[in-house]
Amino acid sequence: AAAAKAPVKKNPKVANVSVQLEMKALWDEFNQLGTEMIVTKAGRRMFPTFQVKIFGMDPMADYMLLMDFVPVDDKRYRQGAFPSRRYAFHSSSWLVAGKADPATPGRVHYHPDSPAKGAQWMKQIVSFDKLKLTNNLLDDNGHIILNSMHRYQPRFHVVYVDPRKDSEKYAEENFKTFVFEETRFTAVTAYQNHRITQLKIASNPFAKGFRDCDPEDWPRNHRPGPLPLMSAFARSRNPVSSPAHQNGTEKDAAESRREFEREAGGTTLHQAEAAHQQLMSRVLSPALPGGGGGL
């Protein structure tokens, strides 16, 4: 039998690097429920945001940070009550429908500060809050393309920028990959598990208006009702009641608020009557159809 390939010995510049996942308790809470992430044609940011604290870099060396997303399995999912659909959340679990759809174009997302010195990366929490997920196979904005109703594992990569002219010879030695299983998720176009909806509203910093209403007053489908949504829409435009993003600009914070409003609105409209849909779409989607922006 052929001998197993020996593991690649990593460059000391990356061998000692370690990474700590931020907001781990929140990720664990979502993971226990079965994390879902919204994908849209225009691209949607992740929540929770993938954030890490990095240790062990050479402070004076240059590094690039990037992420990619790989399928957890070769399956797609369906709803038990609707066999014709390719996915489903049923009794707190997903049901397998069959083989996965053809793989989407493999893409990576580079942190916009790359490359940077190790000292810069290590001095603060690194946030991938610009990363967006899309189900548009023809996306030209550089967003991560995923198949909806499939499960994915985010991967985080630290790449040492080797100054040697023949650095391509050492490519396998110059990077280190980190995988946090608690960050895996199912890509969806609308939330399937009402507990995920509730937890996202409870923990999203841009959801204060939604938290102001009593969950006991929500409709039986466990989604925020039209009136709380409309009042939340008005409150969310009050800068006093909508906290700015700690690691971003006011523009980023405003866009995140708009995305959250569209997301929560879309979840409600999924269950609403036709007349309500027309009214709420005008109230909750003031931006151009699709919204969002490029990286």
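In the nomenclature of an unreviewed UniProt entry, the chain corresponds to TBX1 factor from the organism Prunella fulvescens. Per UniProt, the comment on the chain under Subcellular location (unreviewed entry) is "Nucleus".

The next thing to look at is the overall build of the chain. Counting its regular elements, the chain contains 8 helices and 16 strands. Residues counted as buried form 44% of the 295 residues belonging to the chain. If you take every contact in the chain between residues at least 6 apart in sequence, the share linking residues at least 24 apart comes to 75%. When the accessible surface of the chain is summed, it comes to about 15400 Å², and 54% of that surface belongs to carbon and sulfur atoms.

As a further point, take unusual backbone geometry. Between Phe-47 and Pro-48 the backbone carries a cis peptide bond, its omega angle lying at 0°. Although it is not a glycine, Met-23 sits at a positive phi angle of roughly 55°. Within the secondary structure, Met-23 is located in the loop between β1 (18–21) and α2 (24–33). What makes Met-23 partly exposed here is its relative accessible area of 32%. Here Met-149, not a glycine, exhibits a phi torsion of approximately 65°, which is positive. If you trace the backbone, Met-149 turns up in the loop between β13 (144–145) and β14 (151–160).

In this section: the side chain of Asn-193. Residue placement: Asn-193 occurs in the loop between β16 (185–188) and α4 (194–203). Side-chain polar atoms of Asn-193 contact the backbone nitrogen of Arg-195, separated by 2.9 Å.

Take the pairing of strand β5 (residues 62–71) next. Both β5 and strand β10 (residues 116–117) contribute to a ladder of 2 bridges, which runs antiparallel. Its bridge partner lying in β10, Tyr-63 is registered against Ala-116. Strand direction decides the pairing type here: β5 and β14, joined by 9 bridges, are antiparallel. The partner of Val-70 across the bridge, within β14, is Gln-153. Here β5 pairs with strand β9 (residues 109–110) via 2 bridges, running antiparallel. Residue pairing in the sheet places Leu-66 in a bridge with Tyr-110 of β9.

We now examine the packing of α2 against α4. At their nearest, the axes of α2 and α4 sit 10 Å apart, and the two run at 165° to each other. With respect to each other, α2 and α4 are oriented roughly antiparallel. For the crossing formed where α2 meets α4, the hand is left-handed. Seen from α2, the contacting residues are Leu-26, Glu-29, Phe-30 and Leu-33; seen from α4, they are Arg-195, Ile-196, Leu-199, Lys-200 and Ser-203. Here the residues of the contact of α2 with α4 sort into 5 nonpolar, 1 polar and 3 charged.

Attention now moves to the sheet that holds strand β12 (residues 132–134). Taken in spatial order, the 3 strands line up as β3-β12-β13 in an open sheet, and their pairing is mixed. Strands at the two margins of the open sheet, each flanked by one partner only, are β3 (44–45) and β13. Pairing between β12 and β13: 2 bridges, direction parallel. If you follow Leu-133 over to β13, its bridge partner there is Ile-144.

All right, on to the nonpolar core then. Nonpolar side chains in soluble globular proteins tend to end up buried together. Judged by nonpolar contacts, the single largest core of 33 residues is most densely connected at Ile-54, Leu-133 and Phe-156. Secondary-structure elements contributing two or more residues to this core are β1, β4 (51–55), β5, β14 and β16. Once residues lying within four places of it in the same chain are set aside, the contact partners of Leu-133 are Met-37, Ile-38, Val-39, Thr-40, Gly-43, Arg-44, Met-46, Phe-69, Ile-144, Leu-146 and Phe-185. By size, the runner-up hydrophobic cluster in this structure holds 11 residues, among which are Phe-30, Tyr-77, Trp-94 and Tyr-191.

Definitions and limits used
By convention here, each chain's residues receive numbers from 1 onward along its written sequence. Per-residue local features are limited, in this predicted model, to residues with pLDDT of at least 70; the limit for side-chain atom pairs, both in listing and counting, is 80 or more; totals at the level of whole chains, interfaces and linings are taken over all residues. Side-chain measures were taken over the full set of non-hydrogen atoms in the model, leaving aside hydrogen atoms and water. UniProt positions are given in the numbering used here, feature names are shortened, and annotations may be inferred rather than shown by experiment. Helix and strand definitions follow DSSP, with helices as H or I runs of at least four residues and strands as E runs of at least two, each counted in order from the N terminus. The buried label goes to any residue with under 20% of its type's maximum accessible area, the exposed label to any with over 50%, and the partly exposed label to all in between, with areas taken from a 1.4 Å probe on protein chains only. In this analysis, two residues are considered to be in contact whenever any of their non-hydrogen atoms come within 4.5 Å of each other. What sets the accessible areas is the Shrake-Rupley method with a 1.4 Å probe; for residues, cover comes only from the shown protein chains. Contacts described as polar in this section are N or O atom pairs within 3.5 Å, which, within protein, must combine one atom able to donate a hydrogen with one able to accept it, while residues neighboring in sequence count only if both atoms come from side chains. Only when DSSP finds a minimum of two bridges between them are two strands counted as paired. Fitted lines through C-alpha atoms give the axes, limited to the stretch in contact for helices. The angle between two N-to-C directions lies from 0 to 180 degrees. Oblique is the label for any angle not covered by the other classes, which are roughly parallel (under 35 degrees), roughly antiparallel (over 145) and roughly perpendicular (65 to 115). Crossings are classed by handedness, with left-handed meaning an anticlockwise turn of the near helix from the far one by less than a right angle and right-handed meaning a clockwise turn. Side-chain classes are defined by residue name, with Ala, Val, Leu, Ile, Met, Phe, Trp, Tyr, Cys and Pro counting as nonpolar, Asp, Glu, Lys and Arg as charged, and the others, Gly among them, as polar. Nonpolar core, defined: a set of buried Ala, Val, Leu, Ile, Met, Phe, Trp, Tyr and Cys residues in which side-chain atoms within 4.5 Å join the residues together.

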